[in-house]
Amino acid sequence: MCYTVPNLTTFSPLPKWNTQLQDMGLIWRFNHDCLTHAPDSGWDSLCGESSWSLTLYVEVACNGLLGAGKGSMIAAPDPEKMFQVSRAELAVFHRDVHKLLVDLELLLGMAKGLGEDNQRSFQALYTANQMVNICDPAQPKTFPIAQALACQFFDQRGGESQHTLHAMGHCHIDTAWLWPFKETVRKCARSWVTAVQLMERNPEFIFVCSQAQQLLWVKTHYPGLYTRLQEFACHGQFVPVGGTWVEMDGNLPSGEAMVRQFLQGQNFFLQEFGKMCSEFWLPDTFGYSAQLPQIMLGCGIGRFLTQKLSWNLVNSFPHHTFFWEGLDGSRVLTHFPPGDSYGMQGSVEEVLKTVTNNRDKGRTNHSAFLFGFGDGGGGPTQVMLDRLKRLCNTDGLPRVQLSSPGRLFSALENTSGQLCTWVGELFLELHNGTYTSQAQIKKENRECERILHDVELLSSLALARSAQFLYPASQLQCLWRLLLLNQFHDVVPGSCIQLVVEEAMCHYKDIRSHGNKLLSTAAAALCAGEPGPEGLLIVNTLPWKRTEVLALPRPGGAHSLALVTVPSMGFAPAPAPMSLQPLLPQPVFVVQEPDGSVTLDNGIIRVSLDPTGRLSSLVLVASGREVIAEGAMGNQFVLFDDVPLYWDAWDVMDYHLETRKPVLGQVGTLAVGSEGGLRGSAWFLLQLSPNSRLSQEVVLDIGCPYVRFHTEVHWHEAHKFLKVEFPARVRSPQATYEIQFGHLQRPTHYNTSWDWARFEVWAHRWMDLSEHSFGLALLNDCKYGASVHGSVLSLSLLRAPKAPDASADMGRHEFTYALMPHKGSFQDAGVIRAAYNLNFPLLALPAPGPAPTTAWSAFSLSTPAVVLETVKQAESSPESRTLVLRLYEAHGSHVDCWLQTSLLVKEAVLCNLLEQRDPTGQLPLHDDRLKLTFSPFQVRSLLLVLQPPSG
């Protein structure tokens, strides 16, 4: 069979309108369909002899498809990049020719994709050959005859058993990545103008759009376009999805930050489009926390769509449609588009892959087909739509229908009784370097999460105690939205260019600056009307009583140590200077031996450092139990070569473990810092390499169950990975890691490929390795990358990737981690509270007026198994005196908890995470106490309506 493609073209140039642009090398052709949508375009007169003028606006940028990288897509931007345009050309678009080319393309796709053994494949090839033989480019009257042959083929229908693809227009736009935030604003405008034009021409076309932040940008900068989007939303063609402020990272944000993504997003969609989203839409992120199902359901969402697990490097995920069960048992219907892409283009190859790749054949007969250029924007095109409409119901292929997320998930729910269930986290076996890259962003993220937590609590207490205090709702919303913006899945993971990093750091600076001002304002309101001299207010923002050593500012800029006791979620006056304070029975003793080694002992733990600063011994004094493995050293810094296959800032490959190089210190560099009493410390210097150095102060406080390691690093490396290791005298096949609102276990061995793929994992404030009745916890204040292999706990500290930011992580870093041996389980030993204490230091706030003379507590809990995570004003009641309290069960147990409050409460009622009242959730108040019942890792929220303060 002879087959040749005729020389057809969909564009005919207009000779009168050819324009030469000197020294440039691109040809631009303007689509007739687009021009006819310009006001008073007068296209017919353009084709005639009468005079005619046309103004075209062309946006030009010196970058490639996704950025301006030099040498590769993810390379740092190339400031020397240039283009030259030599010609611009106006042309008439021939739609009849375009249809022929689309049909030929689809027929050839079927001939190739269906294979030699398929009768329909030969029919497609024969039809294409007939069209070529009939069609004469010089004789347009042959075009309809060829088109009729194609129609005859495509009009042959399939059977009722065909798989149905729900094709949805999609335009994934990274809120920042290889371009800055301001460029994303323009990307949204360009992409959504295209979508609007397609919706106008194709009434059946449905376009889905996530990320409230992007919609707010368009509303601000392009109000006319935004109005059109709202109009198409009313018609059901423009469908907001996701329910979150941005498509955030699925691992690193705190539980409360994840709740705020939905709270801010869902409220925005309700206000702007009249309804909340029913699907969580997160196609591209680097893993999924096991608490996301509970958070989704608490925010009114029971459906989830994502795609990224198809990138797994080791194991193929076994499902495309399934129920995902979270840490607390919550279940959401989850769908991965089987085509393994959120940027399809409507080809036959993609359509067939979606069916053949589906791992849940027989259980469900529906799947998503997301089409449109993504990541850098662009979205669907008319060509993609033409392909999909042509394939709507053709024998040999699955049914293709232009659909919506609602229709897809409704169809999946009809067969949900046959679906499998996946329990626990969805761990991406790739991009695990993002737990460590751009360490300064991660430090600022943790710090700003803390600041906003503290501001909300203090402002809530001030609201309860002062009739004149105005809760800073609008300011806090702005600060939260800045933080949520930076939790986008290419910003907080550190996989963005330097321009984005610089913008993010400015955002964090604003949050800290404004947050500290709001803290001072709230502290002043708390002190209003109190007797006593002006002084300091010591504030505890955590829901348990704390006794700690605190450095208090003194007149003249000096600081002095004091042992302070502050009740839960409350305050106390500043104590007397250290010289006037009685010591606890066991102060800290510091001894330096003749060989240069140092021992620190506070009666709870005894810490021994060798002359280079490594941890030679850590003993739990009461039991005499040694923590450090025999013959090993703890606090051992280790360097690895870190050269990923391609995704530099994203990936750390398993083969980096083969390049382990312990960093050895120099004897004699260890010196005593604080000599004991309330605090003992020792410090040392360590040369990591010819270019990088580290200094560290090892600190032990009176009454503290853990030893802290305050660390400063000057880091100037290329493709190196710095970790710190603690070999433990503990044996267990599982280690425990904190995640949002709870914790989970991961294996400490590499038995299976699934275990091996977890050689680098993420955690929040702590991880723990325990055997029966004894364990060791490693705490941190701003790190996320971690691992436990065998009995070695390892914390990932710094990386040095060179793409897409060539300067990533270079410079000075400060961070703290801590080591806590414990008797019994980590729950009973208080590891969770210790990690909170490390991350939420007591606040010493200046009282502009008289400071209170007595301590005061707003809330306390009857059990350590429950954490009161958040206290804030209700979003829906900015004028009212209604607080929202969010609590979670942290131990993994069923428990009853009594919440004690000193606030004047008029009403208490349970609510969901969107702060909507539970009609059956009224809580009786018993002598200023509320009883709450929790199942393991359950998150509960309640509304407290306050009485006006007296006076």
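Presented here is a report on the structure given in the accompanying data block. (Residues numbered from 1 in each chain as written. Predicted model: local features only at pLDDT ≥ 70, side-chain atom pairs only at ≥ 80, totals over all residues. Heavy atoms only, no water.)

What follows concerns the overall build of the protein chain. Looking only at helices and strands, one finds 19 helices and 48 strands in the protein chain. Relative to the compact-globule value of 30 Å for 951 residues, the protein chain shows a C-alpha radius of gyration of 32 Å, a close match. Dimensions of the protein chain, computed from the C-alpha atoms along their principal axes, are close to 105 × 65 × 60 Å. Sorting the 951 residues of the protein chain into buried and exposed places 58% on the buried side. (Helix = DSSP H or I, 4+ residues; strand = E, 2+ residues; numbered from the N terminus. Rg over C-alpha atoms; globule rule 2.2 N^0.38 Å. Buried < 20%, exposed > 50% of the residue type's maximum accessible area, 1.4 Å probe, protein only.)

Turning our eyes to something else, we now look at the packing of aromatic side chains. A complete count under the given rule lists 32 aromatic pairs for this structure. Summarising the aromatic geometry, the rings of Phe 317 and Phe 322 are spaced 5.3 Å apart at their centres and angled 50° between planes, so their arrangement reads as tilted. What makes Phe 317 buried here is its relative accessible area of 6%. Each ring, one from Phe 571 and one from Trp 856, has its centre 5.4 Å from the other, and the planes form 35°; the classification is tilted. Here Trp 856 lies in strand S40 (residues 856-857) and Phe 571 lies in strand S18 (residues 570-573), a separation of 285 residues in the sequence. (Phe/Tyr/Trp six-rings, centres within 6.5 Å; stacked < 30°, edge-to-face > 60°.)

Let us now look at the side chain of Glu 256. Within the secondary structure, Glu 256 sits in helix H9 (residues 255-273). We classify Glu 256 as buried; its relative accessible area is 5%. Of the polar contacts made by the side chain of Glu 256, one reaches the side chain of Arg 886; its length is 2.8 Å. With residues near it in sequence (within four places) discarded, Glu 256 still touches Trp 480, Phe 741, Glu 869, Thr 870 and Arg 886. (Polar contact = N/O pair within 3.5 Å; in protein donor to acceptor, adjacent residues only side chain to side chain. Contact = heavy atoms within 4.5 Å.)

Here we take up the pairing of strand S35 (residues 774-780). Of all 7 residues that make up S35, 7 are buried, and the element is covered over most of its length. Neither face of S35 is open: one carries Phe 774, Leu 776, Leu 778 and Asn 780, the other Gly 775, Ala 777 and Leu 779, and all of them are buried. Counted along the chain from strand S34 (residues 766-771) to the antiparallel partner S35, the turn is 2 residues long, and its residue Ser 773 has a positive phi close to 75°. (Pairing = 2+ DSSP bridges.)

Okay, the environment of Trp 324 next. In this fold, Trp 324 is placed in strand S10 (residues 321-325). Under the relative-accessibility criterion, Trp 324 is labelled buried at 0%. Taking the C-alpha atoms as reference points, Trp 324 and Trp 422, separated by 98 residues in sequence, lie 5.0 Å from one another. Of the polar contacts made by the side chain of Trp 324, one reaches the backbone oxygen of Gly 424; its length is 2.6 Å.

Take the pairing of strand S38 (residues 811-823) next. Every regular strand shows the same layout, with side chains that alternate between the two sheet faces. Counting buried positions along S38 yields 10 of 13 residues, so the element is predominantly enclosed. Bridging between strand S29 (residues 707-715) and S38 involves 9 bridges; their strand directions are antiparallel. Across the sheet, the residue bridging to Phe 709 is Tyr 817, located in S38. Sheet topology places S35 next to S38; 7 bridges connect them, and they run antiparallel. If you follow Gly 775 over to S38, its bridge partner there is His 822.

Counted by the stated rule, this structure contains 38 salt bridges. Of the charged contacts, one joins Glu 256 and Arg 260 as a salt bridge, the two residues approaching to 2.6 Å between their closest N and O atoms. Placement of both Glu 256 and Arg 260 in helix H9 is noted, with a separation of 4 residues, approximately one turn of the helix. Judged by its relative accessible area of 2%, Arg 260 is buried. A salt bridge links Lys 720 to Asp 641; the shortest N-O distance between them is 2.5 Å. Remark: Asp 641 occurs in strand S24 (residues 636-641) and Lys 720 occurs in strand S30 (residues 720-727); sequence separation between them is 79 residues. Under the relative-accessibility criterion, Asp 641 is labelled partly exposed at 27%. (Salt bridge = Lys/Arg side-chain N within 4 Å of Asp/Glu carboxyl O.)

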